[in-house]
Amino acid sequence: MKKKKNDKSNNIAISNVIRVMKAMFERYKTAKWQVLIYMICKVSGPFLATLIPTIAIAYITEGDIGKFLPAMVGVILLASGANACTSIMGSRISNKRTYTRLGHFFYRYVKKNLTTDYSNVEPQERQRAIEKGAHAINSNWIGAERLMNETVEFVILTIGLTSYGTAILFLDIRILFIMIVMFVLDFMFRNHALKYSDKHREENTEIYRNKRYLSQSCLDLKAGKDVRVYQMEGWFHEVYNKLVKAAGIYQRKTGFRWYWPTISDQFCEVARNLLAYYILVTKAVSGEISPATFTLYLGLITGFSEWMYGYSLSLNVMRKSSHEFNEYLAVMDTKDVFMHQGGEEAPSIDQPLKIEFRDVSFRYAGSDKDILSHINLIINPGEKIALVGNNGAGKTTLVKLLCGLYQPTDGTILVNDKDISKINLTEYQSLISVLFQDINPLAFTIEMNVAGCKTEGVNRERLIESLKKAGLWEKIEKLENKEQTFITQTLHDNGIQLSGGETQRLLLARAIYKDGPILILDEPTAALDPIAESKMYQEYNELTKDKTSLFISHRLSSTKFCDRIILLENGSVAEEGAHVQLMQKQGKYKEIFDIQSHYYQEKAVG
Ligand SMILES: Nc1ncnc2c1ncn2[C@@H]1O[C@H](COP(=O)(O)OP(=O)(O)OP(=O)(O)O)[C@@H](O)[C@H]1O
C-alpha cells in the first residue's frame, strides 16, 4: 500500500519534469542542442581536470617529454574548452529557462486567473491557493524554473556518478561501498529535513502572507491616512515584531534539521579518506598501481564524492520544486463551471432582453447560510428595475450572479429563456454593461479604461459621447493628452489622479460606451455630488433606452423613475411593485422611504 503511494508521488515528479522540459524545448528549438553540449562539457570538464595531474606525474616518472607534452597540452586545452563551453551554454540555457518561465508558465497563469470563473478566484482560500501557485513561477530558484535547471543537473550527476562509480568499482569495491553508505545517510537526513519543512510549510506561508500584508499596507497611501490619523503605527510594529519572531522560530526549527546531513557528510568524508588512502597507498607501495594511476584514482574518488553529494542534494531539490510546481498546476487545472469555450449562442444584442431568476438560491463557499433564497423574478425586456434593500441584503450578490461571475447554488437564471450557465460566457458577458459598487480603474489611459482596453477599433466619437454623458468630458478635454492621459502615475509620470466621484463617472462612461442591452448600475451615484446625481436621474431614461436595466441604490427617492422596485430583505424578495403601489401597501418600503424623506424634509426646514 505504502509503495503504491510512493510510486504515485514519483510519477507526479516525472510528469512535471516532462512538462517543464517540453515547454522549454517547444519554445526554443536550439535549447535541446545547447542542453546536450552543456551536459557533455560539464561531465567531461572535471574528468579532464583529473587527467592533468595524472599526465604530469606520468611525465615525471617516465621522463619522456616527447610523448607526454602534447598529451598534456591537449588535455589542458580540452579541459579549459569544456569549462568555457559549460559556462557559455549554461548562461544561454539559463536565459531560455527564465523566458520559458515568464513567457510560458507565468503568461498562462495570469491568463488563467483573469479568465477563469470568478468563483475560482474571489474566495479567500482560492486567493491563498493562487498565491502559492504564483510562488512556483515567480523566481529562478523555486518551482518551474528550478525544476528545469535541476533536471539537467540531475542527468549530468547521474552520468558522472555512473562513470566514476564504475571506475572505482574496478579499483576496490570497499571504497564504493563506503561512498554509497555516505550517500544513503546523507539522503535520509536531507529527506527528513525536507519532509519536516514540507509539513510546516503552511505555518511559514501564513507568517509570510501576514508579513507581506503588513509591508504592503505600510506602503499603501490609502492606509497611510488612517494609520496617521488613528495613530495605528504602534500596532503595526507590534504585529510585525511578532511575525518576525515567529519567522525566526520557524527558521531555527527547520534549520536544526539541516545540521544532520552536514554532520553525516563530514563523518563519511573522514571514513572515505582514511579507507581510500589506505587502499591506494597499499596498492601503490606493492606496485599494483603506478603513481599516475594513484593520482587518477585519487581524483576519481574526490570527484565521485562531489557527484554523490550533488546527487543527493539534486534529488531533494527536484522533489521540492516538483511539489511547488504542483501548487501551480493545481490552480491551472481548476475546472470552470461556466462555458468559456463552446456553449449555446447568446441572444442577439439588437433587442432588449428578458431576464428571469427561477427559484434562485445562493451561498458563498464556506458560508453557513444562503445569501439569496428562492428568488423568483421576471424582468421584462426594456424594463427599468430598481433594486433596494438594507446593507447585506444580497443586492450585489444578485448582480454577480446575473453577470455570470457566480453560479446559483440552486435554481436557474435565464436570459431570453436561455439558461445563462449554458451560454458561451464571453458572448453572454458582452451583453452586459455594468458599473460595480467598488470602483477600480486600471492604471492605463482614459481611452483604455472606457473602451475596455481595446487598442484597436476604438470609436472616438462614441468615446467622447460616453464621457460627456457621464459628465467627465469637460475635465478630460482640458488635459494635454485628452483621452490618452493615464490614470494615476503608476505607469506614466504625467498620469492624473481622479477624485472618487470622477472615477465613478469614468467607469459609468465605460458602461455607456459598451452599450450592452443589459445595463446594471450598482450604486452609481454613491460618490457623485448632488448636481451630478440629479443630472444622472434626469438622463436615466436616455441611458436606459432600449435596455433592460437594474439600478441599485440606497436613496429610495431615486428609484421613483424606475418601472418597478424590488425590495430585498435577508436574501428574499420582500416587496415588489411600482413606487405608488409600494407606498400604498404601507410596508417596509414605505417605512424606509418615509424615514429618508422625513430626514430630508427636516433638513430642508432646518
Ligand atoms: N465574497 C464573499 N464571500 C462571502 N460572503 C460574502 C461575499 N460577498 C458578500 N458576502 C456576504 O453576503 C452578504 C450580502 O452581500 P452583498 O454585497 O450582496 O450585499 P448588498 O445588499 O449589496 O449590501 P450593500 O448595500 O452594503 O452593498 C453580506 O452579508 C456579505 O457579508
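The model shown is predicted, which means the values in this text are computed figures rather than measured ones.

### What about the site of the ligand?
Then, number 1: Near the ligand lie 13 residues; those nearest to it are Tyr364, Asn391, Lys395, Thr396 and Thr397.
Then, number 2: At 3 residues, the largest contribution of residues to the shell around the ligand is made by helix H12 (residues 395-402).
Then, number 3: Here the residues of the shell around the ligand are counted per class, giving 3 nonpolar, 8 polar and 2 charged.

### A closer look at the domain arrangement of the protein chain
Then, number 1: Looking at the protein chain, the domain boundaries give domain 1 (2-332), domain 2 (352-431 + 519-577) and domain 3 (439-515).
Then, number 2: Between the C-alpha centres of domain 1 and domain 3 the distance comes to 49 Å.

### Structural notes on the sheet that holds strand S8 (residues 548-552)
Then, number 1: Pairing is mixed in the open sheet, where 6 strands are placed in the order S6-S7-S8-S3-S9-S10. Sheet topology places strand S6 (432-435) and strand S10 (572-577) at the edges, where each strand pairs with a single neighbour. With direction set aside, neighbouring strand axes in the sheet form an average angle of 15°.
Then, number 2: Bridging between S6 and strand S7 (residues 518-522) involves 4 bridges; their strand directions are parallel.

### With respect to the UniProt feature "transmembrane region" (unreviewed entry) in the protein chain
Then, number 1: UniProt records the feature "transmembrane region" (unreviewed entry) at residues 35-60, 72-91 and 154-185, using the numbering of this structure.
Then, number 2: Taken end to end, residues 72-91 comprises 100% helix and 0% strand; its first and last C-alpha atoms sit 29 Å apart.

### Remarks on unusual backbone geometry
Then, number 1: The backbone of Thr488 sits at a positive phi, close to 65°, despite the residue not being glycine.
Then, number 2: Assignment of secondary structure puts Thr488 in the loop between helix H16 (473-476) and helix H17 (500-514).
Then, number 3: Overall, Thr488 belongs to the partly exposed group, with 14 C-beta atoms counted inside 10 Å.
Then, number 4: Notably, Glu523 is not glycine yet its phi reads approximately 50°, a positive angle.
Then, number 5: By the C-beta count within 10 Å, which is 20 here, Glu523 ends up buried.

The rules we used
- Residues numbered from 1 in each chain as written.
- Predicted model: local features only at pLDDT ≥ 70, side-chain atom pairs only at ≥ 80, totals over all residues.
- Near = placed C-beta within 6 Å.
- Helix = DSSP H or I, 4+ residues; strand = E, 2+ residues; numbered from the N terminus.
- Nonpolar A, V, L, I, M, F, W, Y, C, P; charged D, E, K, R; others polar.
- Domains from an automatic or database assignment.
- Pairing = 2+ DSSP bridges.
- Axes fitted to C-alpha atoms, helices over the stretch in contact; angles between N-to-C directions.
- UniProt positions renumbered as here; feature names shortened; annotations may be inferred.
- Buried ≥ 20, exposed ≤ 12 C-beta atoms within 10 Å, placed from the backbone.

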